[in-house]
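Coordinates in review
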Amino acid sequence: MKKYNVAVVGATGAVGEELFRVLEERDFPIAELIPLASARSVGREIEYQDKTYAIRELTHKVFEEQKIEIAFFSAGGSVSAEFAPSAAKSGAVVIDNTSYFRMQEDVPLVVPEVNPKDIGLWEKTGIIANPNCSTIQMVQVLAPLHRAFGIKRVDVSTYQAVSGAGKKGMEELVIQMQKFFDFSLDSCEAKAFPHRIALNLIPQIDVFLENGYTKEEMKMVKETNKILHSNFEVSATCVRVPILRSHSESITIRFEKEVSQEEAQEVLKQAPCLVLIDNPQEGKYPMPTLATDTDDTYVGRVRVDNYNKRVLHLWCVADQLRVGAATNAIRIAEKWIENYQK
């Protein structure tokens, strides 16, 4: 099997670190690994498969100099905007974890279990976009149900872990909880989030737009229909919760026809990368503690609405650093190798 020169841009961030873990676990075919970050990180090292790699400075020339063939970007939208075109121009396929390219018409937005054929559009720009973490786990659930019953509308409320804000988000929660046990929580200053996150919920992720929705909520609305090649209605309410890792979602789906609990459960059970855990009488349902450090999306609490047989309610949980970022990006790369490389 051919091996590839692989770069990870944003090597020191939470998603970057997760990318190295997943690449190693999946035994990705790497010839040369090139960790890249800003100048201030040069000199630091990462461990991969019992070897030490020095972090190199991200420049426009490094992709051509190192003959990089696959470049994973996870260093923020402004970094991707500046450097991803240089990587693509040098001949690398760019798999971008930021929001910068997602809604560009000529850039495919891919969840491999849902729209793998869209990867073939990568040749237009050399770039493939990784969707928003909350969108990924939701469309994994929606896609098989849409094929089976036809979706008319989706309403979702998310319960998003602090790791969605990166290392600074996780550190802020830990520090604030330590201060709680020191009886000094009132002295906490909110930096990563608009308000104190410890022992609190914040119904705001990203900035508010003129329509009253946040940028995060509108990402879910727009990305869902782009990935599914659909035009049904979507509304989202995104909430930050004091959980370290793994996002949860409460989803209400209106279908074109009636659906039973058993039919929906069977469809979900057969879908790739979904795990049905749905025995509430015995306390068995998805939770962040079950999803963390795994590569599956967990679904449960599946039930038909009391008043409308065309409406289904369910709950899903996934590790957003893996399913929602690193694992999805690497699955894209694996599909790209499988279908578009000789």
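Here the structure is a predicted model, which is why all the values come from computation and not from measurement.

With that settled, consider the overall build of the protein chain. Helix and strand content of the protein chain: nine helices and 14 strands. A compact globule built from 342 residues should have a C-alpha radius of gyration of about 20 Å, and the protein chain, at 20 Å, falls within 12% of that. Counting only C-alpha atoms, the protein chain reaches 65 × 55 × 40 Å along its principal axes. Per-residue burial over the protein chain gives 53% buried out of 342 residues. Contacts in the protein chain between residues at least 24 apart in sequence constitute 67% of all its contacts with a sequence separation of at least 6. With an accessible surface of roughly 15,900 Å², the protein chain has 48% of that area assigned to carbon and sulfur atoms. Put simply, the protein chain has 40 plus and 47 minus side-chain charges, and the middle of one group is 2 Å from the middle of the other.

Turning our eyes to something else, we now look at the UniProt feature "binding site: phosphate" (unreviewed entry) in the protein chain. Mapped onto this numbering, the UniProt entry gives "binding site: phosphate" (unreviewed entry) at R102. Along the polypeptide, R102 turns up in the loop between β7 (93–96) and β8 (127–129). With residues near it in sequence (within four places) discarded, R102 still touches N97, V107, L109, A129, N130, P131, N132, K219, E223 and K226. A distance of 3.2 Å separates a polar side-chain atom of R102 from the backbone oxygen of N97.

What follows deals with helix α3 (residues 77–89). Counting along an α-helix, one turn takes 3.6 residues, and residues three or four places apart therefore face a common direction. The terminal C-alpha atoms of α3, which comprises 13 residues, lie 18 Å apart, in line with the 18 Å expected from a rise of 1.5 Å per residue. Along α3, the sharpest change in direction is near 40° and occurs at F83; proline P85 comes one to four residues later. When we look at burial in α3, the residues that qualify are S80, F83, A84, S86, A87 and A88. Immediately beyond the C-terminal end of α3, within one or two residues, lies G91, with a positive phi of roughly 110°.

A few words on the pattern of salt bridges. This model, assessed by the stated rule, comprises 19 salt bridges. For E216, the salt bridge is made with K219, and the minimal N-O distance between the two is 3.8 Å. With E216 and K219 both in helix α6 (residues 215–228) and three residues apart, this pair spans about one turn of that helix. The pair formed by E216 and K219 is uniform in burial state, with each residue classed as buried. Of the charged contacts, one joins K269 and E266 as a salt bridge, the two residues approaching to 3.9 Å between their closest N and O atoms. Here the residue K269 and the residue E266 both occupy positions in helix α7 (residues 261–270), the gap between them amounting to three residues, near one helical turn. Looking at E266, the relative accessible area reads 39%, which means it is partly exposed.

A contiguous patch of negative charge on the surface is contributed by E24, D27, E45, E47 and D50. Mapped onto the elements, E47 comes out in strand β3 (residues 45–48). Since its relative accessible area comes to 56%, E47 is described here as exposed.

Conventions used here
Residues numbered from 1 in each chain as written. Predicted model: local features only at pLDDT ≥ 70, side-chain atom pairs only at ≥ 80, totals over all residues. Heavy atoms only, no water. Helix = DSSP H or I, 4+ residues; strand = E, 2+ residues; numbered from the N terminus. Rg over C-alpha atoms; globule rule 2.2 N^0.38 Å. Buried < 20%, exposed > 50% of the residue type's maximum accessible area, 1.4 Å probe, protein only. Contact = heavy atoms within 4.5 Å. Areas by Shrake-Rupley, 256 points an atom, 1.4 Å probe, with all protein chains shown as cover. Lys, Arg positive; Asp, Glu negative; His and termini not counted. Charge placed at Lys NZ, Arg CZ, Asp CG, Glu CD. UniProt positions renumbered as here; feature names shortened; annotations may be inferred. Polar contact = N/O pair within 3.5 Å; in protein donor to acceptor, adjacent residues only side chain to side chain. Expected span 1.5 Å × (residues − 1). Bend = angle between axes of the 7 residues up to and from the residue. Salt bridge = Lys/Arg side-chain N within 4 Å of Asp/Glu carboxyl O. Patch = residues over 30% accessible without salt bridge, like charges linked within 9 Å, V, L, I, M, F, W, Y side chains within 5 Å.

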